[in-house]
Amino acid sequence: MASYNESTEFLRTFTAQANRYPMLLPEQEAQLARDWADRQDRRAFDKLVQSHMRLAVKVAGKYARSGLPIADLVSEANIGLIKAVQRFDPTRGFRLATYALWWIRAEVQSFVLHNWSLLKGGNTATLKRLFFNLRQTQRKLGIHDRVMSDAEAQRVAETLSASVEDVREMEHRFATPVGSLNVPVGEDGDHEAIDLLADDTESVEERLVDRGELTARRALMKDALTQLGERERHIFAARNLSDQPVTLETLARHYGVSKERIRQIESGAYKKVVRRVRSHAETTPLLPPMALGRRAGLMAMA
């Protein structure tokens with residue numbers, strides 16, 4: 001494992017290098033992507049990678065609190081970026097940043113999950129979900145920089161389908177300081193390692209990704225809903241795509257059938273939607289696996 005100084009120096013160097021390369025205009029990106037896809041033009045490939053290096057280091061920086069070396073996190077992010085460029089198809093109509101984000105995150109998350117010492121011996125699906133979603137869920141619920149009350153821990157547990165004990169355990173693990181982020185750096189020691197990380201403000205690339213992701217999610221959901229009949233579509237939307245889901249009893253009265261029949265129709269419709277979304281995701285990984293979750297993912301796509 002690299003020393004603290006080596007890791008921070010690597011991040012400083014990598015960040016400076018990434019910022020030297022300008023973002024590409026849509027037409028420039030599309031031409032370079034065609035040059036790579038059609039002729040395996042190495043120059044075009046290198047330009048596509050270089051212009052998105054800042055996105056890779058931005059993603060890697062967000063996992064710095066895992067305690068793993070920054071150099072390794074950035075390297076894994078760069079591997080994800082390279083894989084994305086190799087597979088990018090400009091004819092599908094979306095930007096490379098949208099496509100590359102999920103490849104980068106997948107590589108970094110896989111690396112963290114296999115190496116984060118705090119998860120060893122307890123690498124369950126629940127802990128993975130808590131590791132990647134606890135802080136975001138706390139922010140959404142208005143819980144900032146403090147120990148959660150019992151009621152708040154219960155709300156978080158219900159939101160993430162976890163036990164209160166698991167939520168408290170992950171809260172404790174996140175509260176454990178990571179020494180490498182507080183090591184003095186610089187000639188006078190007047191800065192800390194954390195000062196060198198990419199900031200948390202949304203970058204131009206991330207705004208582009210967010211817009212592209214939202215458009216892609218909505219297109220996938222619209223397409224998936226065409227696979228349903230009129231009654232299936234109404235029941236599915238009422239139960240899964242509404243801020244206040246309609247009860248089984250209300251829908252049963254509306255259609256003059258039992259609540260169990262409504263539940264069966266909803267279940268069948270959900271399976272059709274998931275199959276359709278996954279069939280697209282296998283060829284075009286625009287959505288992370290969690291986006292196929294029951295309500296949170298479906299609501300995000302609606």
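Structure first, text after, so check above.
A brief look at the structure comes next. (Residues numbered from 1 in each chain as written. Predicted model: local features only at pLDDT ≥ 70, side-chain atom pairs only at ≥ 80, totals over all residues. Heavy atoms only, no water.)

1. So, the nonpolar core
- Counting residues in each nonpolar core, the largest one holds 53 residues, and the members touching the most others are Leu73, Leu81, Ile104 and Val167.
- Top element by residues in this core is helix H6 (residues 96–115). It accounts for 11 residues.
- Those residues in contact with Ile104 that sit more than four places away from it in its chain are Leu55, Ala56, Val59, Ala77, Gly80 and Leu81.
- By size, the runner-up hydrophobic cluster in this structure holds 12 residues, among which are Leu220, Tyr270, Val274 and Val277. (Core = buried A, V, L, I, M, F, W, Y, C linked by side-chain atoms within 4.5 Å. Buried < 20%, exposed > 50% of the residue type's maximum accessible area, 1.4 Å probe, protein only. Helix = DSSP H or I, 4+ residues; strand = E, 2+ residues; numbered from the N terminus. Contact = heavy atoms within 4.5 Å.)

2. Description of the packing of aromatic side chains
- Inspection of the entire model under this criterion finds five aromatic pairs.
- Consider the rings of Phe94 and Tyr99, whose centres lie 6.0 Å apart with planes at 20°: the pair is stacked. Here Phe94 and Tyr99 have matching classes, each one buried.
- Ring centres of Tyr99 and Trp103 lie 6.3 Å apart, and the angle between their planes is 50°; on these two criteria the pair is classed as tilted. On the criterion of helical spacing, the pair formed by Tyr99 and Trp103 is a turn pair, its members being four residues apart in helix H6.
- An aromatic cluster of three or more residues is present, and its members are Phe88, Phe94, Tyr99 and Trp103. (Phe/Tyr/Trp six-rings, centres within 6.5 Å; stacked < 30°, edge-to-face > 60°.)

3. A closer look at helix H5 (residues 70–87)
- Its 18 residues give H5 an end-to-end C-alpha distance of 26 Å, which sits within 8% of 26 Å, the value for a rise of 1.5 Å per residue.
- Every buried residue of H5 is accounted for by Ile70, Ala71, Leu73, Val74, Glu76, Ala77, Gly80, Leu81, Ala84 and Val85. (Expected span 1.5 Å × (residues − 1).)

4. Some details on unusual backbone geometry
- A positive phi angle, near 55°, is found at Gln40, a position not held by glycine.
- Counting through the fold element by element, Gln40 comes out in the loop between helix H2 (26–39) and helix H3 (42–51).

5. Let's talk about the packing of H3 against H5
- At a closest axis distance of 10 Å, the pairing of H3 and H5 adopts a crossing angle of 135°. What the angle tells us is that H3 and H5 run oblique. By crossing handedness, the relation of H3 to H5 is classed as right-handed. Judged by residue contacts, Phe45, Leu48 and Val49 of H3 engage Asn78, Leu81, Ile82, Val85 and Gln86 from H5.
- Here the contact of H3 with H5 is composed, by residue class, of six nonpolar, two polar and no charged. (Axes fitted to C-alpha atoms, helices over the stretch in contact; angles between N-to-C directions. Parallel < 35°, antiparallel > 145°, perpendicular 65-115°, else oblique. Left-handed = near helix turned anticlockwise from the far one by under 90°. Nonpolar A, V, L, I, M, F, W, Y, C, P; charged D, E, K, R; others polar.)

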